[in-house]
Amino acid sequence: MIFASLPVNEAEGALLVHSIKMGKMAFRKGRKLSPDDLRALSDAGIERVTVVRFEPGDVAEDEAARKIATAVCGENLEVAAPFTGRSNLIAKRHGLLVIDRPRLDQLNAVDEAVTLATLPAFDLVAPGDMVATVKIIPFAVPGEALERCLWTVAGEPLLRVATLRPRAITLIQTRLPGLKESVIDKTVAIMNDRLAGLGSEPARDRRCPHDEAALMAEIDTALKSGSEMVLIAGASAITDRRDVLPAAITRAGGTVDHFGMPVDPGNLMLLAHIGDKPVLGLPGCVRSPKLNGFDWVLQRLMADLPVTRQDIMAMGTGGLLKEIPTRPQPRAANETLAPRAAKVAAIVLAAGRSSRMGSANKLMAELDGKPLVNHAVDAALATRVERVIVVTGHESERVRQTLTGRKVEFVHNPDYASGIASSLAAGLAALKDSAIDGVLVLLGDMPRIAPTQLDRLISAFNPVEGRAICVPTFNGKRGNPVLWSRRFFEPMAHLKGDVGARHLIAENGELVAEVAMPDDAVLTDVDTPQALEALRRQEGKSGGDRTA
């Protein structure tokens, strides 16, 4: 890769190294400079630019990130479309992140251009959580370096999510004089909250005297009744391997694997088993909902990940969980700290009268066997969006009927005749009280938009990194749909008439990310009968393939 400062008139086709702002116009780093760009730079008085050019064998950052992310991606994970040299791995299921740490370290040692960052091993993650990110540092990677990286991670994937499996669990609590029944009741409630957070049913509640024989009998009954795991909370903390809880487990035919753990709170936990059933002696801190060492062990067992005494003894690094004044604990027991992927909704505008189409409702016109509006809605439904909202107006019932059976929300705009702004406001109003970070605004008359194109916009979207408006482009020309950050919901909701939000793009150039698309679908809408007929001819020749 060649890195150089060049006169503007020599920089055509090169990639811009540093972002440049010229009044209301902004060129982001990584932009491939076109002849029009060079003229704009010259007109702004800029004489030189710092750029990079690829050399033979170089692999562009997005392609390199995608290849490595795909190679390390395992079960219950998916690879998000790359953008700016970054490809994120997203959890598809609720479970624990499992990492091949030695091979991950080997990958990060191959070349400084390639990095893989993950959440901590065995972190509890939910669907939509970002668990890892591949980031290519420069604009391209030498092909030889990429091949070494792929060779390093060949074989079993480095990352996977082990899913949680509900199971039958018995919670046994022992009693001593002075232990209030309300404390025992509260412990049951807290434990069931923990289990609910892991997708399991409430535990079977059993109570007995703090006595070795009585406890042994309860353990035996629990296992014979079908329990797959037995949890024992003693009225008094375990102090020794010969104390009441471990002695009762041993008498019931069990083996004590380990007593104690280098995690605080949670030090006095006991790990045992009877046959293939885990039996845990619980530390006193389980009566609190705050995170403790028992949670780490329970989560692994619920994901069918074995826990050995060596695993317990290796938990010391990061095992200081106790809340102290200088480090307050910001979470409850079953909360996850995983950074989540941005939550994006889609609004499909399907309210207009389509006056340029004559008397026909263009959204009902068929292309490849289904109405135009169905193409746009189906594309949105096939992406990672949280919700799809369809704004209706003209012939509202016809639009609703053609979308019957699809998982969409309908919002009617009675003022649709006033222009597109009122329909946009109606759609945004439906998102007012939701935890949505951004919205894709799709036009119902753009049937060639593909799910992969929408996912490219979603992957590019990152308001924290300054990509708060994601605009698709083809050959440098901007199109639709546009993905907007929540910060723009209010100004967009106050637009009037048939005016879109283009001026917001012009006024916030530093927050705009242009996302290049492989074809002109983002520029193609259907406004006239002639445009529809031309599109039908085009689709007939191409076979209607909209997956690119």
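Structure's up top.
Residues numbered from 1 in each chain as written. Predicted model: local features only at pLDDT ≥ 70, side-chain atom pairs only at ≥ 80, totals over all residues. Heavy atoms only, no water.

### Notes on the pairing of strand β15 (residues 169–175)
Consideration 1: Taking burial as the measure, the 7 residues of β15 include 6 buried ones, the bulk of the element.
Consideration 2: Two strands pair when backbone bridges link them, and β15 and strand β17 (residues 229–233) are joined in this way by 5 bridges, in the parallel orientation. Bridge pairing in β17 places Ile169 opposite Met229.
Consideration 3: The sheet contact formed by β15 and strand β16 (residues 204–209) spans 6 bridges and is parallel. Pairing of Leu171 across the sheet is with Asp205, part of β16. (Buried < 20%, exposed > 50% of the residue type's maximum accessible area, 1.4 Å probe, protein only. Helix = DSSP H or I, 4+ residues; strand = E, 2+ residues; numbered from the N terminus. Pairing = 2+ DSSP bridges.)

### Comments concerning the packing of helix α6 (residues 212–224) against helix α7 (residues 244–251)
Consideration 1: Relative orientation of the contacting elements α6 and α7 amounts to 50 degrees, with a least axis distance of 8 Å. Relative to α7, α6 is oriented oblique. Judged by the twist between their axes, the crossing of α6 over α7 is right-handed. Listed contacts from α7 to Glu212, Ala213, Leu215, Met216 and Ile219 of α6 are Val244, Leu245, Ala247, Ala248, Ile249 and Arg251.
Consideration 2: Taken together, the residues that form the contact of α6 with α7 break down as 9 nonpolar, no polar and 2 charged. (Axes fitted to C-alpha atoms, helices over the stretch in contact; angles between N-to-C directions. Parallel < 35°, antiparallel > 145°, perpendicular 65-115°, else oblique. Left-handed = near helix turned anticlockwise from the far one by under 90°. Contact = heavy atoms within 4.5 Å. Nonpolar A, V, L, I, M, F, W, Y, C, P; charged D, E, K, R; others polar.)

### A word on the sheet that holds strand β14 (residues 159–163)
Either a parallel or an antiparallel arrangement is found when strands of a sheet pair, and the pairing is made through backbone hydrogen bonds.
Consideration 1: Reading across from one edge, β11-β9-β14 is the order of the 3 strands in this open sheet, with antiparallel pairing throughout. Strands with a single pairing partner mark the edges of an open sheet, and in this sheet they are β11 (124–125) and β14.
Consideration 2: Pairing geometry for strand β9 (residues 95–99) and β11, over 2 bridges, is antiparallel. From the neighbouring strand, Gly95 faces β11, where its bridge partner is Val125.

### Quick look at unusual backbone geometry
Consideration 1: Cis geometry is found at the peptide bond from Asp264 to Pro265, where omega equals 5 degrees.
Consideration 2: Along the chain, Pro265 turns up in the loop between β18 (255–259) and β19 (270–274).
Consideration 3: Residues other than glycine seldom take positive phi values, yet Asp368 does so here, at roughly 55 degrees.
Consideration 4: Its identity as a non-glycine residue notwithstanding, Glu395 has a phi of 50 degrees, on the positive side.
Consideration 5: With respect to the helices and strands, Glu395 occurs in the loop between β24 (387–392) and α11 (396–402).

### Looking at the packing of aromatic side chains
Aromatic ring pairs are reported here in terms of the distance separating the ring centres and the angle at which the planes meet.
Consideration 1: On inspection of all chains with the given rule, the structure shows 1 aromatic pair.
Consideration 2: With centroids separated by 5.8 Å and ring planes inclined at 70 degrees, the aromatic side chains of Trp484 and Phe488 adopt a geometry described as edge-to-face. Of the two residues, Trp484 and Phe488, neither departs from the other in class, the shared state being buried.
Consideration 3: When the ring centre of Phe27 is taken as origin, the NZ or CZ atom of Arg31, which lies over that ring, is 4.2 Å away.
Consideration 4: Just above the ring of Phe122 sits the side chain of Arg300; from NZ or CZ to the centre is 3.6 Å. (Phe/Tyr/Trp six-rings, centres within 6.5 Å; stacked < 30°, edge-to-face > 60°. Lys NZ or Arg CZ within 6 Å of the ring centre and 35° of its normal.)

### Thoughts on the environment of Val385
Consideration 1: With respect to the element layout, Val385 can be found in the loop between α10 (372–381) and β24.
Consideration 2: Residues Val385 and Asp498, spaced 113 residues apart in sequence, show a C-alpha to C-alpha distance of 26 Å.
Consideration 3: Apart from the residues lying within four places of it in its own chain, the contact partners of Val385 are Val344, Ala345, Ala346, Ala380, Leu440 and Ile458.

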